Amino acid sequence: MKARKRKKHKHPREYRDGYHEGYRLGMCEAVQRLNTPGVEACRPFKLMYVPQGFQAIDTGVTEALQQLVSELVISTPETMLETAAREMPGAVLVMNGLHVFPENHLEQISEIRKLGIPTAIWFVDDPYFTEDTSVICKHYDHVFTHELGCVEFYQSLGVSSVHYLPLCVNPKMFYPRRTGPQYQYDIVFIGNAFRNRTELFDELAPYLKGKKVLIAGGFWERLATYDQLTPFISNGFIPPEETANYYSGAKIVINIHRPWEEGQDNRNSYRLPSRSINPRTYEISACGTMQLTDVREDLGNYYRPGYDLDTFGSAKELQQKIEYYLKHEKERRIYALRGLRTTMRNHTFTARLPHLLNVIASRV
């Protein structure tokens, strides 16, 4: 007689975890549904956009602009002048103008302006490349910067139209989602190993032992405790969609801003301090996950510390808060839901970009 295969029963903890995850996602869905603002009416305007290749930002900008203007033309950095001369848009918007832009970038912009087409640039790496942006800014009609501390800087260089435009998030890319076991961690940090970050994790190393931790990005061999933390480290770039999976699957995501001091992996030769929050702040909250972040001066203007997310000022404080929130699931979930609600209401590209368009269109 053929023996029956014994049915494998789930462990009670698996049922419990599945229930809590389903409950969390249901609450996140309700928050998203109730807090998605309407999109501003599409304006009759032809805009040319030049992306830089930051997928998380470029996709968000492109999709938002497709809803906000009647005609959107996309150009590569190499063919800006050729595309602008052919399409004759009402304005040209360039993302960042760094890294992948060709040597004749500024010459192309000068020729585009000679065609009578207004030009705008949105710097989203400020203040880490002031050695470069101090030159670039002078070639554009309008300068937008996500860094509060750079507004007066660009004005002091003679740019008459300078505007503070904080970063935000694409909620179609970063959102709460069900994830497999490979994405589920107690603690997640994704980003490159700048010196302030390695110092923090070196201090945390003894505490992290025995936890389920992911540290992902480049240059983590800089850690003094690299051998100790190796089991947690995933070296190399993680695409935005994968990043969102890890954020969604985590109990806690840590946010550590990069250092702004000259020589600390940046080209901030003007030594402008960084006052504004990074895109990671928005992206973590958009995934409906508890965030622990270090503090930037501008943080309180966009999220409420102690309400939407929590903060830390040292490795010791971070360790204490990780320990507390890992043991208090309900509080973690409340923070995560509040952060998600604030993000959906105020910090999407469709909410942010009308201000930019108002500036560009009003001066055409």
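In this text, all values refer to a predicted model and were calculated from it rather than measured experimentally. (Residues numbered from 1 in each chain as written. Predicted model: local features only at pLDDT ≥ 70, side-chain atom pairs only at ≥ 80, totals over all residues. Heavy atoms only, no water.)

1. Quick word on the packing of helix α11 (residues 315-327) against helix α12 (residues 329-346)
Working note: a packed helix pair is described by the angle between its axes plus the distance between those axes.
(1) Moving on: Relative orientation of the contacting elements α11 and α12 amounts to 105 degrees, with a least axis distance of 5 Å. The orientation of α11 relative to α12 falls into the category roughly perpendicular. The residues of α12 that touch α11, namely those facing Y324, Y325, L326 and K327, are E329, E331, R332 and Y335.
(2) Moving on: When its residues are assigned to classes, the contact of α11 with α12 shows 4 nonpolar, no polar and 4 charged. (Axes fitted to C-alpha atoms, helices over the stretch in contact; angles between N-to-C directions. Helix = DSSP H or I, 4+ residues; strand = E, 2+ residues; numbered from the N terminus. Parallel < 35°, antiparallel > 145°, perpendicular 65-115°, else oblique. Contact = heavy atoms within 4.5 Å. Nonpolar A, V, L, I, M, F, W, Y, C, P; charged D, E, K, R; others polar.)

2. So, the packing of aromatic side chains
(1) Moving on: Counted by the stated rule, this structure contains 12 aromatic pairs.
(2) Moving on: Taken together, F123, F153, Y154 and Y270 form an aromatic cluster joined through their ring pairs.
(3) Moving on: Over the aromatic face of Y185 sits the side chain of K212, whose NZ or CZ is 5.4 Å from the ring centroid.
(4) Moving on: Over the face of the ring belonging to Y307 we find R338, whose NZ or CZ atom lies 3.9 Å from the ring centre. (Phe/Tyr/Trp six-rings, centres within 6.5 Å; stacked < 30°, edge-to-face > 60°. Lys NZ or Arg CZ within 6 Å of the ring centre and 35° of its normal.)

3. Some thoughts on the pairing of strand β3 (residues 91-95)
(1) Moving on: Of all 5 residues making up β3, 5 are buried, and the element is well covered by its neighbours.
(2) Moving on: Pairing between strand β1 (residues 43-50) and β3: 4 bridges, direction parallel. Bridge pairing in β3 places V50 opposite V94.
(3) Moving on: In this structure, β3 lies alongside strand β4 (residues 119-123), joined through 4 bridges in parallel fashion. Following the sheet pairing, V94 is matched in β4 by I121.
(4) Moving on: The β-α-β motif built from β3, the intervening helix α4 (residues 105-114) and the parallel element β4 has right-handed crossover chirality. (Buried < 20%, exposed > 50% of the residue type's maximum accessible area, 1.4 Å probe, protein only. Pairing = 2+ DSSP bridges. Right-handed = clockwise from strand over helix to strand, strands pointing away.)

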